[in-house]
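# Architecture and fold: a report
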Amino acid sequence: MNVVFAVKQYVSKMIEDSGPGMKVLLMDKETTGIVSMVYTQSEILQKEVYLFERIDSQNREIMKHLKAICFLRPTKENVDYLIQELRRPKYSIYFIYFSNVISKSDVKSLAEADEQEVVAEVQEFYGDYIAVNPHLFSLNILGCCQGRNWDPAQLSRTTQGLTALLLSLKKCPMIRYQLSSESAKRLAECVKQVITKEYELFEFRRTEVPPLLLILDRCDDAITPLLNQWTYQAMVHELLGINNNRIDLSRVPGISKDLREVVLSAENDEFYANNMYLNFAEIGSNIKNLMEDFQKKKPKEQQKLESIADMKAFVENYPQFKKMSGTVSKHVTVVGELSRLVSERNLLEVSEVEQELACQNDHSSALQNVKRLLQNPKVTEFDAARLVMLYALHYERHSSNSLPGLMMDLRNKGVSEKYRKLVSAIVEYGGKRVRGSDLFSPKDAVAITKQFLKGLKGVENVYTQHQPFLHETLDHLIKGKLKENLYPYLGPNTLRDRPQDIVVFIIGGATYEEALTVYNLNRTTPGVRIVLGGTTVHNTKSFLEEVLASGLHSRSKESSQVTARSTSRR
């Protein structure tokens, strides 16, 4: 169950099927992102693909010596563009691949437009999602719900993305969903409808234990996306933002021109692959080792290129040296910028209090620490608001709740109204009334004992004591203890054995901290394979945009009941 490999195989097969000769790869906005996540341009160039074009680009030249490989989402817009293209073909022959199920009527329209008989084949290759890590995928959808209900267009896109994922991994799953979420049930029904309608596509070899799709809602854990992160990939996303593996460094003081945007991809960057799940302290020493290694391999200034053999050796080693030089300067720049932001924003101290708010239950200590940090001029308005949001979620119903006082402190600190409003929006989005689970207090004697022992031993690292709620959910699922009254099956059948292949999907977005949880569970649980997906992959900034987009903040804070209607079927 490797999503990067699944999409990569599709792209390789498209290129192979078109045979030898020079090719152009014709894509749309979304498939461009999908392909760029699994292949670099230079890798594709080696497969005789010399041109990359967008189907919606108006001024493409006629190049009859090229074969066209079209990889497109099956949207009405793309079908229209293809019809125009086939009426006046710019290339010699067309191999058309849709990233999802295409209707018979659309295929008929394309056939009618193909008067010059340039189409060699039309196929469905189900790479209709962004493969982020081998066990993590995203649909890059921000703002998937309006209130508690799906935005119909996003429900349709999410259903397509999720069914494509299942097809690409060759899984026909049983489905469980979070009962407290109307959106989760709705998505489960839509996925089931597609599986029933396209039953021939889903006829895979039966495994002893059927795969399982578990659909969850971000509302059940609004804490995880609000926390600062300390492992490399998660930290880069939290502080700098990762967009389809790209990081914008243009705002870094004194940045050189060639480092304004860098790519971090575990597929093509060994240092990143080895360090993406390590914590910040370890990254620092690994960067130092990388630098020292680089210094040793650096061609000596005084190196004399006296013979042809010397020159040949230098030229042969140069590309490798140049690649290593690029890797070193990229990671030194990224880690340097992370360090600068950590000290400038006082993030070690902020993060310690965030962890206390997320993991401990001492109200007076937490309140004192939040108040102290709100007085600190180094703490930004963003981090100040985030601390108050965490407090509001944890101590929402505490008898000594001091939220009004903290809101006044935010105002006195000069925190903008936008962030102050978000505090009540977060509670409306993921507060106690909405959650189907209890995020904060341990539920049984074993958990209470564990927490007590943890308190006695102290924590390995105060900055990473938090575990996402997803960890507990998956742990229960793997052990066959996940309660059916909270996570029912869709339909009459239930799983008798413990699940082995699990796809978890979070409506409202997953996080890199949850991806790390899944990575660790995959590593430590023999026989279990888990893939995590979300409508997007959040950092705090994008999560707050998601909350704003849901429109819940505009309702009155006092509204005691949020009605949940199912959206109309498409």
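An unreviewed UniProt entry lists the chain under the name Vacuolar protein sorting-associated protein 45, with Lynx canadensis given as the organism. In its Sequence similarities (unreviewed entry) section, the UniProt entry covering the chain states "Belongs to the STXBP/unc-18/SEC1 family." Turning to the chain, the UniProt annotation filed under Function (unreviewed entry) states: "May play a role in vesicle-mediated protein trafficking from the Golgi stack through the trans-Golgi network."

### Quick word on the overall build of the chain
Broken down by element type, the chain carries 20 helices and 18 strands. Long-range pairs, those at least 24 residues apart, make up 82% of the contacts in the chain between residues at least 6 apart in sequence.

### Side note on the pattern of salt bridges
By the definition in use, this model includes 30 salt bridges. Linking Asp 128 and Arg 73 is a salt bridge whose minimum nitrogen-to-oxygen distance equals 2.7 Å. Taken together, the residues Asp 128 in the loop between strand S5 (119-124) and strand S6 (130-133) and Arg 73 in the loop between strand S3 (67-72) and helix H4 (76-87) connect sequence positions 55 residues apart. Of the residues examined, Asp 128 reaches a relative accessible area of 0% and is grouped as buried.

### Considering the packing of H4 against helix H5 (residues 104-113)
Between H4 and H5, the shortest axis-to-axis distance is 8 Å and the interhelical angle comes to 20 degrees. It follows that H4 is roughly parallel to H5 by the angle criterion. The element H4 and its partner H5 pack so that their crossing is right-handed. Contact residues: Val 79, Leu 82, Ile 83, Leu 86 and Arg 87 in H4; Asp 106, Ser 109, Leu 110 and Ala 113 in H5. Here the residues of the contact of H4 with H5 sort into six nonpolar, one polar and two charged.

### Points about the side chain of Gln 355
Examined against the element boundaries, Gln 355 turns out to sit in helix H12 (residues 347-359). You can call Gln 355 buried: its relative accessible area is 2%. In this structure, Gln 355 is in contact with Leu 227, Gln 360, Val 462, Tyr 463, Thr 464, Gln 465 and His 466, ignoring residues within four places of it in sequence.

### Topic: empty space enclosed by the protein
Applying the stated criterion across every chain, the model contains two cavities of 30 Å³ or more. If you trace the largest cavity, you find it lined by Gln 178, Leu 216, Asp 217, Arg 218, Asp 220, Asp 221, Phe 469, Leu 470, Thr 473, Tyr 487, Ile 506 and Glu 514. Mapped by element, the contributors of at least two residues to the lining of the largest cavity are strand S11 (212-217) and helix H18 (469-478). Take the lining of the largest cavity: its biggest share by element is three residues, from H18. A class-by-class count of the residues in the lining of the largest cavity yields five nonpolar, two polar and five charged. Taken together, Thr 224, Pro 225, Leu 227, Gln 229, Ala 234, His 237, Glu 238, Thr 511, Tyr 512, Glu 513, His 538 and Asn 539 make up the full set of residues lining the second largest cavity. When contributions to the lining of the second largest cavity are tallied by element, the ones reaching two or more residues are helix H8 (232-239) and helix H19 (512-524). A class-by-class count of the residues in the lining of the second largest cavity yields four nonpolar, six polar and two charged. Looking at which domains feed residues into the lining of the second largest cavity, each of domain 2 (130-220 + 467-548) and domain 3 (230-343) supplies at least three.

### Some points on the environment of Glu 189
The residue Glu 189 is located in helix H7 (residues 182-197) in this model. Among the residues examined, Glu 189 registers a relative accessible area of 24% and is labelled partly exposed. As a C-alpha pair, Glu 189 and Leu 490 span 301 residues in sequence and 7.6 Å in three-dimensional space.

### Notes on unusual backbone geometry
Residues other than glycine seldom take positive phi values, yet Glu 48 does so here, at roughly 70 degrees. In the Ramachandran plot, Lys 170 falls in the positive-phi region, its phi being about 55 degrees despite a non-glycine side chain. Looking at where Lys 170 falls in the secondary structure, it is placed in the loop between helix H6 (152-168) and strand S10 (174-177). The exposure class of Lys 170 is exposed, given its relative accessible area of 54%.

### Some thoughts on the packing of helix H13 (residues 363-374) against helix H15 (residues 403-413)
At a closest axis distance of 10 Å, the pairing of H13 and H15 adopts a crossing angle of 10 degrees. Looking at the two axes, H13 sits roughly parallel to H15. Residues Leu 367, Val 370, Lys 371 and Leu 374 of H13 form the contact with H15, whose own contacting residues are Gly 405, Leu 406, Asp 409, Leu 410 and Lys 413. When the residues that make up the contact of H13 with H15 are grouped by side-chain class, the tally is five nonpolar, one polar and three charged.

### Describing the sheet that holds strand S14 (residues 261-263)
Taken together, the three strands give an open sheet; going across it, the order is S12-S13-S14, and neighbouring strands pair in antiparallel fashion. Two strands in the sheet have a free side with no partner beyond their single neighbour: strand S12 (242-243) and S14. Here S12 runs beside strand S13 (residues 246-248); their pairing, made up of two bridges, is antiparallel. What sits directly across from Asn 243, in S13, is Arg 246.

### A few points about the side chain of Thr 163
Position of Thr 163 relative to the elements: it lies in helix H6. Non-local contacts of Thr 163, meaning those with residues more than four positions away in its chain, are made with Val 191, Val 194 and Phe 202.

Thresholds, definitions, all that
- Residues numbered from 1 in each chain as written.
- Predicted model: local features only at pLDDT ≥ 70, side-chain atom pairs only at ≥ 80, totals over all residues.
- Heavy atoms only, no water.
- UniProt positions renumbered as here; feature names shortened; annotations may be inferred.
- Helix = DSSP H or I, 4+ residues; strand = E, 2+ residues; numbered from the N terminus.
- Contact = heavy atoms within 4.5 Å.
- Salt bridge = Lys/Arg side-chain N within 4 Å of Asp/Glu carboxyl O.
- Buried < 20%, exposed > 50% of the residue type's maximum accessible area, 1.4 Å probe, protein only.
- Axes fitted to C-alpha atoms, helices over the stretch in contact; angles between N-to-C directions.
- Parallel < 35°, antiparallel > 145°, perpendicular 65-115°, else oblique.
- Left-handed = near helix turned anticlockwise from the far one by under 90°.
- Nonpolar A, V, L, I, M, F, W, Y, C, P; charged D, E, K, R; others polar.
- 1 Å grid on protein atoms, 1.4 Å probe; cavity = no way out; pocket = protein on both sides within 12 Å on 5 of 7 lines; lining within 4 Å.
- Points joined across faces, edges and corners; volume = space filled by probe spheres on them.
- Domains from an automatic or database assignment.
- Pairing = 2+ DSSP bridges.

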